[in-house]
Amino acid sequence: MRAAVLHEIGQDKLEVLDDVEAVGFGPGKVRIRVRATGLCHSDLSAMSGVLPQPAPFVPGHEGAGEILEVGEGVGHLKAGDRVVVCWLPACGACPACKRGQTELCLAGFMNAGTPNFKRPGGDVFGFAGTGTFTEEVVVDAGCAVPIPDDVPFDIAALIGCGVTTGLGAALNTADVEAGSSVAVIGCGGVGISVIQGARLRGAAEIVAVDPIASRRESALKFGATRAISPDELPDAKQQVTAGEGFDYVFEVVGKSATARTAYDTTRRGGTLVVVGAGAMDDSLQLNMFELFFDEKRILPSMYGGGDVLRSYERTIALWRAGRVDLAGLITHRVPFADVNEALDQMRTGTALRTCIEM
């Protein structure tokens, strides 16, 4: 079967090969025919080495498709079921799951060290234990979440990561208050989803911050009240908040420099939400006095900061009701053979989300 493979960390191009085989099928597993997958910035971060990932590997973790085969002991799924791929499934038994913090379950991360594929030259891993830049993938049954028939595969793929992460950051982690002021730094697909979440919660002012003009224009369409470049942020802070700072600031880039800017842009007693996934050697510096004196809450948000399955259901309900725009997030579509074009669109910022059609 075909799969897009990164041979070594640091390479910027994928090779689409036809000699890859999905492996690991057996009890508790399912085989999925991938029908659509999105490109998330985390895939690029894994390719560059910012996020740890063994190579060679198949990128992709934001996918949807249909079940081809179920292994022994899988009773809630059957061949033909339409599913979204969940890269962070909850085991239901660990301390985090028992506390209701299923987004902190480590079971999914344990899958990342086991090869999902092989080819004549040896084993191939799947990013985040999945790897959806492929025609077929074998994953734990918990990674396959059924979706209703009225949810298209491309929409379902977005729910599998970017939309859940962004909406959840605003609705779960921050619990944005009606009438509040919000700034969102980084307005790709995840940042736009944060904006939609803040709009749902009734934020009075939503300032979108991004260096790319097309993303700023998109942010206004999705609910931002104003859209600015990063160098305009100090003026916006003065104009919108009289210099006090925003009630909520979302960092959706994953770099210490933007996180520091976000902290400085948050009002005393306000909330900074860190959504971007950054590198282990990139440290955010804060001094002990400002931490004490400013009383700003710093809240990291992992995969939307809430129960993933409930978040999927909520997003589908909001989409059906027309309260969130998911189709509009897909600004580009490319066939699987042109997957490297999708990478370029992400790197240049020309796409909010590119749907790779399998």
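Residue numbering note: each chain is counted from 1, following its sequence as written. With the structure being a predicted model, the display of local features is reserved for residues of pLDDT at least 70 and the display and counting of side-chain atom pairs for 80 or more, all residues being used for whole-chain, interface and lining totals. The basis for the side-chain values is all heavy atoms of the structure; hydrogens and waters are excluded.

Visitor: Help me understand the pairing of strand β15 (residues 246-251) in this model?
Guide: Every regular strand shows the same layout, with side chains that alternate between the two sheet faces. The rule is simple: take the accessible area with a 1.4 Å probe, protein chains only, and divide by the maximum for that residue type; under 20% is buried, over 50% is exposed, in between is partly exposed. Numbering of helices and strands runs from the N terminus; a helix is a DSSP stretch of H or I covering at least four residues, while a strand is a stretch of E covering at least two. Across the six residues of β15, six count as buried, placing the element largely inside the fold. Any two strands with at least two DSSP bridges between them are considered paired. Sheet analysis places β15 next to strand β16 (residues 266-274), joined by five bridges and oriented parallel. Bridge assignment links F246 to a residue of β16, and that residue is T266. Assessed by its sense of winding, the connection that carries the chain from β15 through helix α9 (residues 256-265) to β16 is right-handed. Assignment of crossover handedness uses the view with strands pointing away from the viewer, where a clockwise path from the first strand over the helix to the second indicates a right-handed crossover.

Visitor: I'm lost on the sheet that holds strand β12 (residues 181-185) in this one. Help?
Guide: Strands belonging to one sheet form pairs held by backbone hydrogen bonds; the direction of such a pair is parallel or antiparallel. Read across the sheet, six strands follow the order β14-β13-β12-β15-β16-β17 without closing on themselves; strand pairing throughout is parallel. Whereas interior strands pair on both sides, the edge strands pair on one side only; in this sheet they are β14 (226-228) and β17 (297-300). Strand-to-strand, the axes of this sheet are offset by a mean angle of 20 degrees, without reference to chain direction. In this sheet, strand β13 (residues 205-209) lies alongside β12 in parallel orientation, the contact comprising five bridges. Bridge pairing in β13 places A183 opposite V207. Every axis in this analysis is a line fitted to C-alpha atoms, fitted for helices over the stretch in contact. Angles between the N-to-C directions lie between 0 and 180 degrees.

Visitor: Sorry, what's going on with the nonpolar core here?
Guide: Generally speaking, nonpolar side chains in soluble globular proteins are found buried as a group. Counting residues in hydrophobic clusters, the biggest one holds 96 residues, and the most contacted among them are V30, I32, F133, V182, I195 and F250. Ignoring anything within four residues of it in the chain, the contact list for V182 reads V176, A198, A203, E205, I206, V207, F246, Y248 and F250. Put simply, buried Ala, Val, Leu, Ile, Met, Phe, Trp, Tyr and Cys residues joined by side-chain atoms within 4.5 Å make one nonpolar core. Within the second largest apolar cluster, 12 residues are counted, among which are I228, A236, Y263 and L272. Every residue pair with non-hydrogen atoms within 4.5 Å of one another is taken to be in contact.

Visitor: Quick question: what am I supposed to make of the packing of helix α5 (residues 162-173) against helix α11 (residues 308-320) here?
Guide: A packed helix pair is summarised by two numbers, namely the angle formed by the two axes and the spacing between the axes. Where α5 meets α11, the axes come as close as 10 Å, and the angle between the chain directions of the two elements is 95 degrees. Judged by the inter-axis angle, α5 sits roughly perpendicular to α11. Counted together, V163, T164, L167, G168, L171 and N172 of α5 and S311, Y312, R314 and T315 of α11 form the full contact between these two elements. For this classification, the nonpolar set comprises Ala, Val, Leu, Ile, Met, Phe, Trp, Tyr, Cys and Pro, the charged set comprises Asp, Glu, Lys and Arg, and every other residue, Gly included, is treated as polar. Split by residue class, the contact of α5 with α11 holds four nonpolar, five polar and one charged. Oblique is the label for any angle not covered by the other classes, which are roughly parallel (under 35 degrees), roughly antiparallel (over 145) and roughly perpendicular (65 to 115).

Visitor: Explanation requested: the layout of surface pockets in the structure shown.
Guide: Any empty space left between the atoms is revealed when a probe the size of a water molecule rolls over them. For the second largest pocket, the calculated volume is near 180 Å³. If you trace the second largest pocket, you find 13 residues lining it, with P89, A90, G142, V145 and L309 closest to the centre. Those elements that provide at least two residues to the lining of the second largest pocket are β11 (144-146) and α11. Its residues assigned to classes, the lining of the second largest pocket comprises nine nonpolar, three polar and one charged. Site definitions follow a grid-based scheme: protein atoms alone, a 1 Å grid, a 1.4 Å probe that fits but cannot get out for cavities, and for pockets an open set with protein on both sides within 12 Å along at least five of seven lines, plus lining residues having an atom within 4 Å of a point. Grid points are joined across faces, edges and corners, and a volume is the space filled by probe spheres set on the points.

Visitor: Help me out: how do you make sense of the side chain of Q196 in this one?
Guide: Position of Q196 relative to the elements: it lies in helix α6 (residues 189-200). Its relative accessible area of 2% is what places Q196 among the buried residues. Of note is the side chain of Q196, whose polar atom sits 2.8 Å from the backbone nitrogen of D325. Not counting residues within four places of it along the chain, the set of residues in contact with Q196 comprises L167, F222, V324, D325 and L329. Whenever two N or O atoms come within 3.5 Å, that pair is a polar contact, provided that in protein one can donate a hydrogen and the other can accept it, and provided that, for residues adjacent in sequence, both atoms are side-chain atoms.

Visitor: Looking at this structure, I do not really get the pattern of salt bridges. What am I missing?
Guide: Opposite charge on two side chains lets them pair, provided their charged atoms get close. Any carboxyl oxygen of Asp or Glu that lies within 4 Å of a side-chain nitrogen of Lys or Arg is treated as forming a salt bridge with it. Following the criterion strictly, the structure yields 19 salt bridges and no others. We note a salt bridge from R333 to D154, for which the minimum N-O separation is 2.7 Å. In this pair, R333 is assigned in strand β18 (residues 330-335) and D154 in helix α4 (residues 153-159), connecting sequence segments 179 residues apart. Given the relative accessible area of 44%, R333 is considered partly exposed. Judged by relative accessible area, which is 15%, D154 ranks as buried.

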